[in-house]
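An overview of the molecular structure
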Amino acid sequence: MSGDSTINPGSCPIPIEKYPHIVMAHGGGGRLTRQLINDMFRSAFSNDLLERDHDSAVINVESGSIAFTTDSFVIHPLFFPGGDIGELAVYGTVNDLSMSGAIPKYISLGLILEEGFAIETLWQIISSIKLASEKCGVSIVTGDTKVVEHGKCDGIYINTTGIGFVPDGLTISPASIKPGDAILLSGDIGRHGISVMAKREGLEFETDLESDCAPLHQAVKALINANLDIHCMRDLTRGGLAAALIELAETSNYSIEINEESIPVCDPVRGACELLGFDPKYVANEGRFIIILPKEQQEKALSILKTIPVSSNTVPIGKTLNTKTSQVVLLNAYGSRRILQLFSGEQLPRIC
């Protein structure tokens, strides 16, 4: 779903002929603040917890453990091929919860708005958040809005906090990784970072390239329902596949061996990376994850993941090693090996 298709211009609940843009008073706590909250946010995200209109949402905790995460989104541009900042905020939060095996349930929504930001554009983003949260089965139950002077913010920044419930007895974390585990990758990499950069810089490809921005909760749920012994999962956002693997090797104290030829990269991403000097293994994704589990369960996991659209192209890419060197070793087609290292900076800023 692209940002351009999420709104009927006549449906914005704010009288945009009177207030076509955000003004400082929208963040002042008075009448315009209440109008923004009640007519736009509350109408979009209506649910029992939100309607209590209190300083915090009080949630009755289900059995099991709670997963709790927070994230901020400052992407530029706000709308990109395959998504927008609203979808990104919801899916990014849902995916972080899912990586611990949690069932995503609740999200808080914090908005930093710039004076002069178009009300119609804000409604477009709110509509996108509404649709994305409904798709993921999560509720927006609390939030906050601040307005800053023109020039002090790039239109809109979004902060989210997510809460999910972890089923009893489920422990998915780097500490559970064991030597000999198989490592699966849920699809081709680099789409999000390259599509955002291409939109930002006005680059064109021979074929359409869209971000992989998508929720991963259904794929994770299917794995858990199959009673697989999942040791660890990690979504591949900033720093891409390489950063995720390096972090897991360091945290688990086991080395990881990856077959470079097994890592899928689509032709537009590969071509753009070659042209611009990027390594796709370090480029951000917003709808890909790795799964680490016992080798003997690899084929069952693959058969499950391939039935779900977001993970239909899952492939095995490597294994964990019985060493304590905490390295990621890349094995190429010629049999030579090299060690993956973290970049000291960021290849593509403002991509999430």
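Computed from a predicted structure; not experimentally measured.

What follows covers the sheet that holds strand β13 (residues 337-339). Across the sheet, seven strands lie side by side as β8-β10-β7-β11-β9-β12-β13; this open sheet has mixed pairing. At either margin of the open sheet sits one strand with a lone partner, and together these are β8 (232-235) and β13. Strand-to-strand twist across the sheet, computed as the mean angle between neighbouring axes with direction ignored, equals 25 degrees. Across four bridges, β8 lies against strand β10 (residues 289-293) in antiparallel orientation. Bridge assignment links Arg234 to a residue of β10, and that residue is Ile290.

A few words now on a nonpolar patch on the surface. A cluster of nonpolar side chains, namely Val61, Ile66 and Phe68, defines an oily patch on the protein surface of about 320 Å² accessible area. Relative to the helices and strands, Ile66 is located in strand β1 (residues 65-73).

Attention now moves to the packing of helix α1 (residues 31-45) against helix α4 (residues 119-136). One can describe the packing of α1 onto α4 by two numbers: an axis separation of 9 Å at closest approach and a directional angle of 25 degrees. Comparing the axis directions of α1 and α4 gives the class roughly parallel. The way α1 lies across α4 gives a crossing that is right-handed. Along the contact surface, α1 presents Leu36, Met40, Phe41, Ser43, Ala44 and Phe45, while α4 presents Ile119, Leu122, Trp123, Ile126, Ile129 and Lys130. In terms of residue class, the contact of α1 with α4 is built from 10 nonpolar, one polar and one charged.

This part covers the packing of aromatic side chains. This structure, assessed with the given rule, holds one aromatic pair. The interplanar angle of 90 degrees and the centroid separation of 6.4 Å between the aromatic rings of Tyr106 and Phe165 together place this pair among those described as edge-to-face. A residue pair is termed long-range when its members are at least 10 positions apart, and Tyr106 in strand β4 (residues 103-114) and Phe165 in strand β6 (residues 156-166) qualify at 59 residues. Taken as a pair, Tyr106 and Phe165 share a single burial class, namely buried.

For Ala118, the location among the structural elements is in the loop between β4 and α4. Sequence-distant contacts of Ala118, that is, excluding residues within four places in its chain, are made with Pro20 and His21.

Close contact between helix α5 (residues 191-201) and helix α8 (residues 267-276) brings their axes to 10 Å; oriented N to C, the two are set at 65 degrees. The crossing of α5 and α8 is left-handed. Listed contacts from α8 to Arg191, Ile194 and Met197 of α5 are Val269, Ala272, Cys273 and Leu276. Class assignment of the residues belonging to the contact of α5 with α8 gives a composition of six nonpolar, no polar and one charged.

For α5, the complete set of buried residues consists of His192, Gly193, Ile194, Ser195, Val196, Met197 and Ala198. Buried residues along α5 sit in contact with β2 (79-80), α3 (85-98) and α8. Just past α5, the residue Gly202 takes up positive phi, approximately 75 degrees.

On the basis of which strands lie adjacent, the open sheet formed by four strands has the order β1-β6-β4-β5 and mixed pairing. Strand pairing shows two members of the sheet lacking a second neighbour, β1 and β5 (139-148), which therefore form its edges. Each strand of the sheet is rotated relative to its neighbour by a mean of 15 degrees, with strand direction disregarded. Pairing geometry for β1 and β6, over nine bridges, is antiparallel. Across the sheet, the residue bridging to Phe68 is Ile163, located in β6.

Following His76, the chain continues into Pro77 via a peptide bond in cis, with omega recorded as 5 degrees. Topologically, Pro77 is positioned in the loop between β1 and β2. Not every positive phi belongs to a glycine, and Asn227 is a case in point at roughly 60 degrees. Checked against the element boundaries, Asn227 lands in the loop between α6 (217-225) and β8. Even without a glycine there, the phi angle at Ser326 is positive, about 55 degrees.

Rules used throughout
Residues numbered from 1 in each chain as written. Predicted model: local features only at pLDDT ≥ 70, side-chain atom pairs only at ≥ 80, totals over all residues. Heavy atoms only, no water. Pairing = 2+ DSSP bridges. Helix = DSSP H or I, 4+ residues; strand = E, 2+ residues; numbered from the N terminus. Axes fitted to C-alpha atoms, helices over the stretch in contact; angles between N-to-C directions. Patch = residues over 30% accessible without salt bridge, like charges linked within 9 Å, V, L, I, M, F, W, Y side chains within 5 Å. Areas by Shrake-Rupley, 256 points an atom, 1.4 Å probe, with all protein chains shown as cover. Salt bridge = Lys/Arg side-chain N within 4 Å of Asp/Glu carboxyl O. Parallel < 35°, antiparallel > 145°, perpendicular 65-115°, else oblique. Left-handed = near helix turned anticlockwise from the far one by under 90°. Contact = heavy atoms within 4.5 Å. Nonpolar A, V, L, I, M, F, W, Y, C, P; charged D, E, K, R; others polar. Phe/Tyr/Trp six-rings, centres within 6.5 Å; stacked < 30°, edge-to-face > 60°. Buried < 20%, exposed > 50% of the residue type's maximum accessible area, 1.4 Å probe, protein only.

Honestly, it's all geometry; don't read function into it.
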